[in-house]
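The lines below spell out each chain.
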Amino acid sequence: MAGHSNHPDKHHGAHGMHHGGHQDDAAFLETNRNHWNKFAASYSSEPWQKDMLNKVNAFIYANIKWIGVDFVDPSTTFEVTDPGQAKKVRVLDYACGPGTITHALSSRATEYVGIDLSENMVQAYNLRFNSATTDANSGDEFLNAHAEVGNLLTTEEPPETFSGAKYHDFDLVVVGLGFHHFSDVRLATKRLVERLRPGGVFLILDFVTHAMEAEEHPELKATANTVAHHGFSEQELKEIFAGAGLRGFAIVRMGDEVYIRGKSKRQPFMARGSKI
Ligand SMILES: C[S@@+](CC[C@H](N)C(=O)[O-])C[C@H]1O[C@@H](n2cnc3c(N)ncnc32)[C@H](O)[C@@H]1O
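Reading the values: rules and limits
- Counting from 1, residues in each chain are numbered in the order their sequence is written.
- Confidence filtering applies because this is a predicted model: local features only for residues at pLDDT of at least 70, side-chain atom pairs given and counted only at 80 or more, and all residues used for totals across whole chains, interfaces and linings.
- In computing side-chain values, all of the structure's heavy atoms are included and hydrogens and water are not.
- Put simply, a residue is near a molecule or strand once any heavy atom of it comes within 4 Å of that molecule or strand.
- Distance and chemistry together define a polar contact, namely a pair of N or O atoms within 3.5 Å, with one atom able to donate a hydrogen and the other to accept it when in protein, and with adjacent residues in sequence counting only for side-chain atoms on both sides.
- Only the protein chains shown count as covering a residue, and every accessible area follows the Shrake-Rupley method with a 1.4 Å probe.
- Residues are called lining when one of their atoms sits within 4 Å of a cavity or pocket point, these points coming from a 1 Å grid over the protein atoms alone, where a cavity is a set in which a 1.4 Å probe fits but cannot get out and a pocket is an open set with protein on both sides within 12 Å along at least five of seven lines.
- Cavities and pockets are treated as containing a molecule whenever more than half of the molecule's atoms lie within 2 Å of their grid points.
- A run of H or I in DSSP becomes a helix once it reaches four residues, and a run of E becomes a strand once it reaches two; helices and strands are each numbered from the N terminus.
- Any residue that is not Ala, Val, Leu, Ile, Met, Phe, Trp, Tyr, Cys, Pro, Asp, Glu, Lys or Arg is counted as polar, Gly included; the first ten are nonpolar and the last four charged.
- Grid points are joined across faces, edges and corners, and a volume is the space filled by probe spheres set on the points.

Labelled according to an unreviewed UniProt entry, the protein appears under the name Methyltransferase domain-containing protein, originating from Exophiala sideris.

Here it is as structure tokens:
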């Protein structure tokens, strides 16, 4: 089992060392940005990645009601309704990458805003969903989904660009496989909960606390450099969520394992809470 107790305000380097850092630690953010820029084009190309993404998809479907958002019923998406009356479900897919979570939720929401540090990830997201901005065949889905480059997890006020109504009052703010890359998860939770409407849901999909393997393979090492937390325990999440003013904490485990690069075993879970 994992021998680590994760200090929320520290992040760990590739050799298990940790150095001081908080969310605006420029060097750590830059390591993340560079790493994910490099992998944006090959995020789902290898068998282990496909296996993980398929399992994540199935896990989300199986627990769609558990999430606790009053989603649009996808089977009614094509019914003609008065646009003024139509139900709106707005989702912030934070650290969206190429859109794993947006893809999984699909037409259950009416608007997705993606935000990610990596400009190549943002580009991959927009190519995937915004076929209007590309030629008709390059996007694989038609969703009202658009991503932008940014970082909301700052100690000072988040950037002015994200101050408008478009970036507030979400029904769901979700972080898929990103929470363990945030150095200060308390600050991150606070900043993201600020973006929810009252009653909105904060959801993370991440890994149960795990050991960091001796990672000899250069690509494993490169990923390890972007990781701030070796997974999370139920107890620490419960406390972090409560600290950000969330109620109705619940956690569900996938009950299956995934293997990063076919080597590092991880147990995914989802945790949710509602803003008062
Ligand atoms: C493992 S990927 C997950 C992508 C996607 N959510 C998914 O579930 O497949 C982690 C993502 O977090 C992004 N990221 C890391 N730190 C971030 C931060 N502080 N703000 C925004 N995005 C961040 C990275 O650029 C990367 O795209």
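Chemist: Even after reading the chapter, I still don't get the site of the ligand, so can you show me in this structure?
Modeler: The environment of the ligand is made up of 21 residues, and the closest members are Tyr 43, Tyr 94, Thr 100, Asp 116 and Gly 176. A distance of 2.5 Å separates an oxygen atom of the ligand from a polar side-chain atom of Thr 100. Within the backbone of Leu 117, an N or O atom sits 3.3 Å from a nitrogen atom of the ligand. Coverage of the ligand by the protein chains reaches 98% of its 600 Å² of free accessible surface. The cavity where the ligand resides is the largest cavity. Top element by residues in the shell around the ligand is helix α1 (residues 26-39). It accounts for 3 residues. In terms of residue class, the shell around the ligand is made up of 11 nonpolar, 9 polar and 1 charged.

Chemist: I keep staring at the layout of surface pockets and nothing clicks. Help me out?
Modeler: Here the second largest pocket is characterised by a volume of approximately 240 Å³. Contributing to the lining of the second largest pocket are 15 residues, with Tyr 43, Ser 44, Leu 53, Thr 100 and Arg 128 lying nearest its centre. Secondary structure elements with two or more residues in the lining of the second largest pocket: α2 (47-62), α4 (100-105) and α5 (119-129). Ranked by residues supplied to the lining of the second largest pocket, first place goes to α2 with 4 residues. The residue makeup of the lining of the second largest pocket, split by class, is 6 nonpolar, 7 polar and 2 charged.

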